[in-house]
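Observations on chain architecture
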Amino acid sequence: MISRRNFLELSLGAAATASFGTASATPVRMPDKWDETHDFVILGAGSGGLAAAAYAKDAGLDVVVLEKLGFPGGSSLICGGAWATAGTDEQKAKGIVDSPEKFLEDMLNTGGHQNDPALVKAMIASTRIAYEFVTKKLGVKPDTVDAASGMSVPRAHHFVPAKLIKALHDYDLSKGVPFLMNTAAERLVWDHESGCIAGVRASSKGKTLWIRAKKGVLIATGGFSRNPALLKKYNPLMAAVDPEGGAGNTGDGLLMAQAYGADVLDTQYIKATFGYRPDPKKYGPQTLHGYYDGAIIVNADGKRFVNESISYKLLSDAALKQKDVKTFEFFDEAVRVKMRDATAKYRKLLGPLDNGGEVEYCFRGDTIEDVAQKAGIDPKALRETVERYNKFAEKGADEDFGRTSLTSGYGKLVALKEPPFFLYPARPRLIATYCGLRIDPSARVIDVFGEPIPHLYACGEAVGGVHGAAYMSGSAVGKAIGFGRIAALAVAKS
């Protein structure tokens, strides 16, 4: 039987005459001389990589962070700012009763029980500890807690993404963590004598760098929403959806790990996120999830087509089936005010509609027919849809699509009767792939035979197995920071 070590030795022997700069997927041999040596090498300066650096440094490790862009943050910098965690002071102050057990149940239900319970449990426990670190030690506080996709109770703690990233980055810098910006990791390097990942081959300004990792390498490079070829390979439908995730999300870490036999999970569940304004170049990364506050979703014919309380990933699946993917969130003044007052982001989006204000990205009208005409929808059809839904809302049950709550069992349906009325054009965009490398609860990357690849770890969007078939809001931040922490502590103990 050929072990991984023997296999890699044979592969290396066959490739011995090849140059170090080869673009092949064969394992990369160690150089004659390393440019730098550290205990722990982190690839990616998103929230997961930044958190890992903080915990690694506090644990006494010599750590370095490589980031191929010129600034930290990754997808975390442009996300909605929700961080899902349970049992916080903020929840208790609002009388919200939550627990790790309820969190786990919601995650598994949302994921269609296709996610790994052991991974979810590890994330829930670790992200709760990391949340205390961020809120109490770093002093970054959420502005509100509400219920969002996949939650049976409110546990989406809303942060301003830029403030969260800055706090983590500043902490790392204060501890002396070096950051190699504009430095792209290209290949993982294999030590054939020790049988483990030995470091990284990277490039910066046209120069090749060989960086040794004595104890481990962490892949925190994000997903591949910006890689059309990988999307076409794993989920062709998504290749046609406007991408939104971090500019560096091209699947680098996934490919580097696959060269060493890494297993991959959940690629069949790649889904877009519903709620973006139509023109990505004009409007940027702004979403409105008004359906979780009472809005309904209609198509170009003015008709509902989905249960609005399900995950916005599944809402995207439904929206993509509509003609020209032309869909709208319909709500009244009461729902608008509720959303406007909920978060800073929504105040920015919906505040300009106060006192009769008009904006180009949302239609308003004094009557249902008025707003329908402005949006190019049949006024009669929209009125019939709204009136039918209002009857269901007053009874508390939707006979057409089975909606009984605002989101995942939380919140009562509301009738939409208070003028003015609004139609917010919304589309799916691919903000993240939410699939990737198989890991164990210690954040070790697992190969196709179920064995850990020595000295290789992963966190964040580069990881699969946590979300399953659908996505709970805020669990991406939890997965990144939670497993970043776990990886750092695992390396420190090794």
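Every value quoted in this text rests on a predicted model; they were computed, and no experiment measured them. Every chain's residues receive numbers from 1 upward, in the order its sequence appears when written. Local features in this predicted model are restricted to residues whose pLDDT is 70 or higher, and side-chain atom pairs enter the listing and the counts only when it is 80 or higher, whereas totals over whole chains, interfaces and linings include all residues. In computing side-chain values, all of the structure's heavy atoms are included and hydrogens and water are not.

With 102 residues, the main nonpolar core has L43, L188 and F483 as its most contacted residues. Residue contributions to this core peak at 9 residues, all from helix α5 (residues 117–137). Residues belong to one nonpolar core when they are buried, are Ala, Val, Leu, Ile, Met, Phe, Trp, Tyr or Cys, and are joined through side-chain atoms within 4.5 Å. Type-normalised accessible area, obtained with a 1.4 Å probe on protein chains alone, sets the label of each residue: buried when under 20%, exposed when over 50%, and partly exposed for intermediate values. Going along the chain from the N terminus, every DSSP run of H or I of four or more residues is numbered as a helix, and every run of E of two or more is numbered as a strand.

Bringing the sheet that holds strand β5 (residues 144–146) into the picture now. The criterion for strand pairing is that DSSP finds at least two bridges linking the strands in question. With antiparallel pairing, the 3 strands of this open sheet are ordered in space as β4-β6-β5. The open sheet has two free edges, formed respectively by β4 (82–84) and β5, since each of these has just one partner strand. For this sheet the average axis-to-axis angle between neighbouring strands, irrespective of direction, equals 30°. Angles run from 0 to 180 degrees between N-to-C directions of axes, and those axes are lines fitted to C-alpha atoms, restricted for helices to the stretch in contact.

Before going further, it helps to examine the environment of L108. Tracing the sequence through the fold places L108 in helix α4 (residues 100–110). The exposure class of L108 is buried, given its relative accessible area of 11%. When the C-alpha positions of L108 and S473 are compared, they lie 13 Å apart, and in sequence the two are 365 residues distant. Apart from the residues lying within four places of it in its own chain, the contact partners of L108 are H113, N115, P117 and V120. We call two residues contacting when some pair of their heavy atoms lies within 4.5 Å.

The next point concerns the confidence of the model for the protein. Keep in mind that low pLDDT regions are not for reading the predicted coordinates in detail. When pLDDT is averaged along the protein, the result is 92, and 95% of the positions lie at 70 or above. Low confidence marks residues 1–23, where pLDDT is under 50. Its contacts with residues over four positions away, or in another chain, come to 32 contacts. You can read pLDDT as the predictor saying how much it trusts each residue, on a scale of 0 to 100.

To continue, consider unusual backbone geometry. For the bond running from P419 to P420, omega is -5°, close enough to zero to count as cis. Within the secondary structure, P420 sits in the loop between α14 (379–395) and β16 (421–429). Backbone geometry at N182 places phi at a positive 55°, although glycine is not the residue there. Structurally, the position occupied by N182 is in the loop between β7 (179–181) and β8 (184–191). For N182, a relative accessible area of 41% corresponds to the partly exposed category.

Moving on, we get to the pattern of salt bridges. By definition, a salt bridge exists where a carboxyl oxygen of Asp or Glu is found within 4 Å of a side-chain nitrogen of Lys or Arg. Scanning the model with the defined rule gives 27 salt bridges in all. Here R155 and D106 are joined by a salt bridge, their closest N and O atoms 2.9 Å apart. With R155 in the loop between β5 and β6 (156–158) and D106 in helix α4, the pair connects residues that are 49 residues apart, well separated along the chain. There is no split in this pair, since R155 and D106 are both buried. Of the charged contacts, one joins E186 and R201 as a salt bridge, the two residues approaching to 3.3 Å between their closest N and O atoms. Taken together, the residues E186 in strand β8 and R201 in strand β9 (residues 196–204) connect sequence positions 15 residues apart. Residue classification places E186 among the partly exposed positions, given a relative accessible area of 28%. One network of salt bridges, in which partners are shared, links E333, R336, R340, D341 and D354.

This part is about the packing of aromatic side chains. Ring geometry is summarised as follows: Phe, Tyr and Trp rings, the Trp one being its six-membered ring, pair when their centres sit within 6.5 Å, and such pairs are stacked at plane angles under 30 degrees, edge-to-face over 60 and tilted between the two. One pass over the full model with this rule turns up 15 aromatic pairs. For the pair W83 and Y131, a centre-to-centre distance of 5.4 Å together with 80° between the ring planes defines the contact as edge-to-face. Placement of W83 in strand β4 and of Y131 in helix α5 is noted, with a sequence separation of 48 residues between them. Among the residues examined, W83 registers a relative accessible area of 1% and is labelled buried. Using a relative accessible area of 0% as the deciding quantity, one classes Y131 as buried. One aromatic cluster in this structure is built from F274, Y291, Y292, Y312, Y434 and Y471.

Across the 5 residues of strand β3 (residues 63–67), 5 count as buried, placing the element largely inside the fold. On β3, burial covers both faces: V63, V65 and E67 on one face and V64 and L66 on the other are all buried. Relative to β3, strand β2 (residues 36–43) runs parallel, the two being bridged by 4 bridges. Directly across from I42, in β3, lies its bridge partner V65. Whether a crossover is right-handed depends on one test, that the path from the first strand over the helix to the second runs clockwise when the strands point away from the viewer. Note that the unit made of β2, helix α2 (residues 47–58) and β3 has a crossover that is right-handed. As judged from the 3 bridges shared by β3 and β7, these two strands associate in the parallel manner. Of the residues in β7, the one forming a bridge with E67 is M181.

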